[in-house]
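In case you want the letters, here they are:
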Amino acid sequence: MLQKREKVLLLRTFHGRTLRIVREHYLRPSVPCNSPLCPQPAACLNDGKLLSSDVTHYVIPDWKVVQDFLEILEFPELKGIIFMQTACQSVQHQRGRRQYNKLRNLLKDARHDCVLFANEFQQYCYLPRERGESMEKWQTRSIYNAAVWYYHHCQDRMPIVMVTEDEGAIQQYGSETEGVFVISFKNYLDNFWPDLEAAHELCDSILQSRQERENESQESRGKEYPEHLPLEVLEAGIKSGRYIQGILNVNKHRAQMEAFVRLQGASSKDSDLVSDILIHGMKARNRSIHGDVVAVELLPKNEWKGRTAALCENDSEDKASGESPSEPMPTGRVVGILQKNWRDYVVTFPSKEEVQSQGKNAQKIVVTPWDYRIPKIRISTQQAEALQDFRVVVRIDSWESTSVYPNGHFVRVLGRIRDLEGEIATILVENSISVVPFSEAQMCEMPVNTPESPWKVSPEEEKVRRDLRKTHLVFSIDPKGCEDVDDTLSVRTLNNGNLELGVHIADVTYFVAPNSYTDIEARTRATTCYLADRRYDMLPSILSAGLCSLLGGVDRYAVSVMWELDKTSYEIKKVWYGRTIIRSTYKLFYEAAQELLDGNVSVIDDIPEFKDLDEKSRQAKLEELVWAIGKLTDIARHIRAKRDHCGALELEGVEVRVQLDEKKNIHDLIPKQPLEVHETVAECMILANHWVAKKILETFPHQALLRRHPPPHQEFFSELRECAKAKGFSIDTRSNKTLADSLDNANDPSDPIVNKLLRSMATQAMSNALYFSTGSCAEEEFHHYGLALDKYTHFTSPIRRYSDIIVHRLLMAAVSKENKMEIKENLFNHKDLEELCRHINNRNRAAQHSQKQSTELFQCMYFKDRDPETEERCISDGVIYSIRTNGVLVFIPRFGIKGAAYLKNKDGLVISCGPDSLSEWKPGSLQRFQNKITSTTTGGDSVTFHLFDHVTVRISVQASRCHSDTIRLEIISNKPYMTADTELSHHGPLLLKSELVKEVTRSVEEAQLAQEGKVNTIQEEYEEYCQTKGRSLYMLLEEIRDLALLDVSSSDRM
């Protein structure tokens, strides 16, 4: 029986009036307690995660403990934790979305022994707030009352320890109820976990930071920054248009001076602004941190400033903005923070000399974040000297208006500076990528597939699936050595003479049930994360490389899309979607398929499936396969021609294939030759994604997951247009069709690098493709700009993308609905799907950033120990692709590196090239023009560098103690670098990158062999984590087929 109560909320309006809001609140006699000691589990509906039965007590943290000590409560050693609804809501309302999501994920995680108890909906736990009672007192009273009820509900069989920071509550409730103990959190750790040193150190760090903060607020009077406006004032100001809402984006190359606010929400629709808002200087930033959602007030137009066009330290490729350096742009100041998006930050402690300069007993230490965009953080610690050689994780607690720096506390040590594992851990933390092992609960959900008990197709599934094993020639085309085959193809002639084209995708959703432990973990990860030397799988390997991999000669479950095509025009007559059983006949690699397409049948000696056949069978099967590949290619040409007619773009991206030896060690990196079968497979996958998108949208118009690619902002194309103009080309960017045609025509026969760079610039100007819920935007916004399709989704890679798992469930629900069957799939509503899409987009972006950063790490490791003055490999040909006021940006085809080359150094000297074309530094000045820059010495000598000029560049590494090392480029001659193999420069980057991999691999392995014991520990750890890692770097990059290793910044565009 539900009991109805009323909650009265008093809200203050913008004009100062008090608004009384009454909300209905329903109480239940039973809510899930999730305890194995529950006397009535059926009444409590305990059908989810249960607390462990082998604990000595339950722990209930007060609201303040959850807010301040959540990272200690995340320790897996702490078991039997009950989070009250009251405490969780206090985190949601006072600590922001990021920390609230951390708490939600902790509660969902099967590895952590903790549950949520909805005390405010349990009729015997709910306490109304008394008149005059503070919110804090009411929250503590509610949690204590719920703790007492919980103790009696478990029939007094399990002691309850409530931990709180409220001394008054300890005094009041400490001895009130036998069996319910109320103590401080510090006291709890001291008495119950005296040997958990990491928790004690973290607790001391948090308490010390809090004490320092309280002392500082009492002592400080002068303000460094203006106070933030109250939330209600900000919301009213945004509504009226006085303030503008957006996300703060700090320029990492000028972190102290330049930040931009990208318009968001209503602000982006209602504002007349067409560009971002510049926030100039730390004062105007007003304690907001990169990623925060802020409210901005525009400054008067006479105070607007322009962004700087000069190179500076750590400068690399920025997305072109379209503004000239002197042109003022909208400029503003931050007046308040709507949502803090603080996270864990990796920092470096000051060196021994810097610590000593602060005083021998200094406890307040200013640490430098690894990310340039984050301000220095002040923490309280006595371990500064011991930690100065390590990368360390800290968290920000607050940033008062009286403080120059934000205050934070020490969390944990990652590893030594410049140690490979420490630097990889840094990249993971900075991108908020979790690499925890798959839990025992998740592994228990996996099907059995052992030599003693091999997996088999079940009779039940044979009844409900279309069996293609004897009727269809199904085969896969993948890179050589690929182990996770998630897509196969088929084509055949029907009885009526028409053709049937089939795309068959691994049926992952059969093995991953909605809301299972494996599903929740896959949803959290959202994508398989590929780093330069390892990958972190979204799904356990028993699925990703086993039962979900459509290997040759074995039975597998699939989800198929099959089209009936006209036999001559290839126009689609009808389409069928459904679950199937397949047995792939051939596991082909791209080169073999291309040879068969070209008529070279001798390649069948390299195809295992042909080896044991007699000559007659061999010939018959060969003719069948050659026909199928040829017909697939004809169909793909037709599909591509239709998309080309609509304006499909071919953008720049470098793809590689890893060549492995018999022991699965790296042998070489081979450039992926542009074979027609690549396009054949890609077009079939695009076709499947397009038709699945149409099907799920038709059935679920407001809750389908699609992928859109918004048209880019025209101002982002300005640099592309200017660069092309320098070579005499005209780039029309009015539509994707005109852009595609312009890029096809912008070819310089004497220099193929020109078209490569122009396509790269077009890629940089693109918006990122995004997943979205169809209920969140108008249908005219569904369009995919790059692929020239009105509807698109991702369906073809459910092994490594969670979005595809959702799409599979939607498709199966659509098929069930069409067949008037019960929908068994657990579908997301529009609101939940929209939130999930945001999460997946964020995780994809993080995975792309981490891949890019790890690649840059290995590039630096390769060049670091080489003498740039004497090592031949440190000298290379470079192409100028952008002009700045004090230098140029250069692309090095040989290594695929882009970076800044200064023409004026820190001493004010400019570059000069003598009769021998070799450069030297002399006094003088620079003059920048639209497409060139001239360096003139005081002696009257001058040298001019034009866009697309080839120059000779020296490559070195600029080491940084606090940040990542960076590649440094120096122009040593204004002439191209000529070598005997100059003609190989087009393929050079990838060929030489294999040497980079081997060199770094060798040095790392030598270090590992010197510490063999440590190696074993690392290997065991990765086995425990159920992740993929090999002794040789790049061991399993076969799986990155459609990701570009060198141009990773653009790999998420589609």
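Under an unreviewed UniProt entry, the name given to the protein chain is DIS3-like exonuclease 1, and the source organism is Orycteropus afer afer. As its UniProt record puts it under Cofactor (unreviewed entry), the protein chain is described as follows: "Mg(2+)". Taken directly from UniProt, the Sequence similarities (unreviewed entry) text for the protein chain runs: "Belongs to the RNR ribonuclease family."

A few points about the sheet that holds strand β35 (residues 919–928)
Spatially, the four strands line up as an open sheet ordered β34-β35-β36-β37, and their pairing is antiparallel. The open sheet has two free edges, formed respectively by β34 (909–913) and β37 (942–946), since each of these has just one partner strand. For this sheet the average axis-to-axis angle between neighbouring strands, irrespective of direction, equals 45°. Two strands pair when backbone bridges link them, and β35 and strand β36 (residues 932–937) are joined in this way by five bridges, in the antiparallel orientation.

Section: the packing of helix α18 (residues 517–525) against helix α27 (residues 830–864)
α27 packs onto α18 with a crossing angle of 60° between their chain directions and a minimal axis gap of 8 Å. Relative to α27, the element α18 is oriented oblique. Where α18 approaches α27, its residues R523, T524 and R525 are matched on the opposing element by L836, H839 and R843. Here the residues of the contact of α18 with α27 sort into one nonpolar, two polar and three charged.

Points about the sheet that holds strand β11 (residues 293–298)
Taken in spatial order, the five strands close into a barrel running β8-β9-β10-β12-β11, and their pairing is mixed. Ignoring strand direction, the axes of neighbouring strands in this sheet form an average angle of 50°. Bridge count between strand β8 (residues 244–250) and β11: four bridges; the pairing is antiparallel. Of the residues in β11, the one forming a bridge with Q245 is A295. Where helix α10 (residues 231–240) meets the sheet, it contacts β8, β11 and β12 (331–339), and its direction lies at approximately 125° from that of β12.

Here's the deal with the environment of E120
Note on placement: E120 falls in the loop between β5 (114–117) and α6 (135–153). A polar atom in the side chain of E120 sits 2.9 Å from the side chain of T86.

Here's the deal with the environment of R579
Locating R579 in the fold gives a position in strand β25 (residues 572–583). Separated by 75 residues in sequence, R579 and H504 have C-alpha atoms that sit 9.2 Å apart. Once residues within four sequence positions are removed from consideration, R579 is found in contact with R465, R466, D507, T509, Y510, A558, V559, M812 and E825. Separated by 3.0 Å, the side chains of R579 and T509 make a polar contact.

Observations concerning helix α24 (residues 736–745)
What sets the pattern is the α-helix's 3.6 residues per turn: residues three or four places apart point alike. Among the residues of α24, those classed as buried are N736, L739, A740, S742 and L743. The buried residues of α24 occupy one face: seen down the axis, they fall within an arc of 165°. Taken together, the buried residues of α24 touch α21 (615–646), α23 (718–726) and α25 (753–765).

Some details on the packing of aromatic side chains
Tallied over the entire structure, the rule returns 18 aromatic pairs. Consider the rings of Y510 and F511, whose centres lie 5.0 Å apart with planes at 90°: the pair is edge-to-face. A residue is classified by how much of its surface remains accessible, and Y510, at 33% relative accessible area, is partly exposed. The buried category is assigned to F511, whose relative accessible area is 11%. Ring centres 6.4 Å apart and planes at 50° place the aromatic pair Y862 and F895 in the tilted group. With Y862 in helix α27 and F895 in the loop between β32 (887–892) and β33 (897–902), the pair connects residues that are 33 residues apart, well separated along the chain. Taken together, the ring pairs in this structure connect Y58, F117, W149 and Y150 into an aromatic cluster.

Some words on unusual backbone geometry
The residue D156 is not glycine, and still its phi comes out positive at about 55°. On the secondary structure map, D156 appears in the loop between α6 and β6 (160–163). Even without a glycine there, the phi angle at R287 is positive, about 70°. Looking at the secondary structure, you find R287 in the loop between α12 (282–285) and β11. On the accessibility criterion, R287 (6% relative accessible area) is buried.

What about the confidence of the model for the protein chain?
Per-residue confidence for the protein chain averages 83 on the pLDDT scale, and 85% of its residues sit at or above 70. When the criterion is pLDDT under 50, residues 653–661 qualifies, and its contacts beyond four places in sequence or with other chains add up to 41 contacts. Confidence drops under a pLDDT of 50 for residues 663–672, and excluding neighbours within four residues, the segment shows 42 contacts in the predicted structure.

Parameters and conventions
- Residues numbered from 1 in each chain as written.
- Predicted model: local features only at pLDDT ≥ 70, side-chain atom pairs only at ≥ 80, totals over all residues.
- Heavy atoms only, no water.
- UniProt positions renumbered as here; feature names shortened; annotations may be inferred.
- Pairing = 2+ DSSP bridges.
- Helix = DSSP H or I, 4+ residues; strand = E, 2+ residues; numbered from the N terminus.
- Axes fitted to C-alpha atoms, helices over the stretch in contact; angles between N-to-C directions.
- Parallel < 35°, antiparallel > 145°, perpendicular 65-115°, else oblique.
- Contact = heavy atoms within 4.5 Å.
- Nonpolar A, V, L, I, M, F, W, Y, C, P; charged D, E, K, R; others polar.
- Polar contact = N/O pair within 3.5 Å; in protein donor to acceptor, adjacent residues only side chain to side chain.
- Buried < 20%, exposed > 50% of the residue type's maximum accessible area, 1.4 Å probe, protein only.
- Arc of directions from axis to C-beta.
- Phe/Tyr/Trp six-rings, centres within 6.5 Å; stacked < 30°, edge-to-face > 60°.
- pLDDT = per-residue confidence, 0-100.

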